Amino acid sequence: MARLLDVIREELDLTGTKEGCGEGECGACSVFLDGKLVNSCLVPAAQAQGAELRTIEGVADGEQLHGVQAAFLECGGAQCGICTPGMVMAAVDLLRRCPQPDEAQIRDGLAGNLCRCTGYVKIVDSVASAAKRAVAVAEQALQAGAGANP
Ligand code: FES
Ligand code: FES
């Protein structure tokens, strides 16, 4: 039975989604299916039929990196090519559910995504930075709104 991961990589040619463990334990294959973060190595392709799929390729806005991607680059959270796409997807998911997470919430939010090389410090820093960035953007928008309507 074909897995969603195989269809994504081999048929859709979206190779940003990686295979790590192939057993649902590392998060490297994370994608959004109908807005829900799933391990695509565990999802039968047939089950995804008709669902909305968003992979790491759909996170940036054209040439404009998503704030989480920019933060991972700036803070050194992009540590290896296998884990980083899944980490970014999990961080996007976390910040959607919890826009201002503390360190424990960040670690909890990324608990399904494993790194066996460098550790999680820079990854956690990256997510915290992405969260701050969103606050800064929201505040700028508020200020701009206040300026327009004194
Ligand atoms: S490859 Fe799917 S969770 Fe590891
Ligand atoms: S980021 Fe991939 S093993 Fe550490």
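Placed above this text is the structure.
Predicted model, so just to flag it, every value in this text is computed and none were measured.

Participant: I'd like a description of the overall build of the chain, backed by residues and values.
Facilitator: A tally of helices and strands in the chain yields 5 helices and 3 strands. Of the regular secondary structure in the chain, the N- to C-terminal order runs α-β-β-β-α-α-α-α. The C-alpha radius of gyration computed for the chain amounts to 16 Å, which stays within 12% of the reference 15 Å derived for 150 residues, consistent with globular compactness. C-alpha extents for the chain along the principal axes are approximately 60 × 35 × 25 Å. Per-residue burial for the chain yields a buried fraction of 39% across its 150 residues. Residue pairs at least 24 apart in sequence account for 57% of intrachain contacts in the chain once pairs closer than 6 positions are excluded. Carbon and sulfur atoms make up 52% of the accessible area of the chain, which amounts to about 8,400 Å² in all. Charge separation in the chain, taken as the distance between the mean sites of 12 positive and 19 negative side-chain charges, equals 4 Å.

Participant: Talk me through the nonpolar core; I want residue IDs and the actual numbers.
Facilitator: With 24 residues, the main nonpolar core has V68, F72, L110 and V127 as its most contacted residues. Of all elements in the fold, only α2 (67-75), α3 (84-97) and α5 (121-148) reach the threshold of two or more residues within this core. Ignoring sequence-local partners within four residues, the contact set of V127 consists of F72, A91, L94, L95, I106 and L110.

Participant: Can you explain the pairing of strand β1 (residues 30-33)? Please cite residues and give values.
Facilitator: The side chains of a regular strand alternate between both faces of the sheet. Going residue by residue along β1, you find S30 and F32 tucked away on one face and V31 and L33 tucked away on the opposite face as well. Where β1 meets strand β2 (residues 36-39), 4 bridges bridge the pair, whose relative direction is antiparallel. Directly across from L33, in β2, lies its bridge partner K36. Where β1 hands over to β2, the hairpin turn is made up of 2 residues, of which D34 adopts a positive phi near 50 degrees.

Participant: Tell me about α3, and name the residues and values.
Facilitator: Under the 1.5 Å per step criterion, the end-to-end length of α3 is 20 Å for 14 residues, consistent within 8% with the ideal 20 Å. Most of α3 sits out of view: 12 of its 14 residues are buried. Looking only at α3, the buried set comprises T84, P85, G86, M87, V88, M89, A90, A91, V92, D93, L94 and L95.

Participant: Explain the sheet that holds β2 to me, and be specific about the residues and the numbers.
Facilitator: Pairing is antiparallel in the open sheet, where 3 strands are placed in the order β2-β1-β3. For this open sheet the edge positions go to β2 and β3 (53-54), each flanked by a neighbour on one side alone. Together, β1, β2 and β3 form the strand contacts of α3, whose direction differs from that of β1 by roughly 45 degrees.

Participant: Outline unusual backbone geometry, listing residues and values.
Facilitator: A positive phi angle is found at D13, which is not glycine, with a value near 60 degrees. As for its placement among the helices and strands, D13 is situated in the loop between α1 (4-11) and β1. Note on D13: relative accessible area 58%, which makes it exposed. For D34, which is not glycine, the phi dihedral falls at a positive 50 degrees. Turning to its location among the elements, D34 is positioned in the loop between β1 and β2.

What counts and what doesn't
Residues numbered from 1 in each chain as written. Chains lettered and ligands numbered in written order. Predicted model: local features only at pLDDT ≥ 70, side-chain atom pairs only at ≥ 80, totals over all residues. Heavy atoms only, no water. Helix = DSSP H or I, 4+ residues; strand = E, 2+ residues; numbered from the N terminus. Rg over C-alpha atoms; globule rule 2.2 N^0.38 Å. Buried < 20%, exposed > 50% of the residue type's maximum accessible area, 1.4 Å probe, protein only. Contact = heavy atoms within 4.5 Å. Areas by Shrake-Rupley, 256 points an atom, 1.4 Å probe, with all protein chains shown as cover. Lys, Arg positive; Asp, Glu negative; His and termini not counted. Charge placed at Lys NZ, Arg CZ, Asp CG, Glu CD. Core = buried A, V, L, I, M, F, W, Y, C linked by side-chain atoms within 4.5 Å. Pairing = 2+ DSSP bridges. Expected span 1.5 Å × (residues − 1). Axes fitted to C-alpha atoms, helices over the stretch in contact; angles between N-to-C directions.

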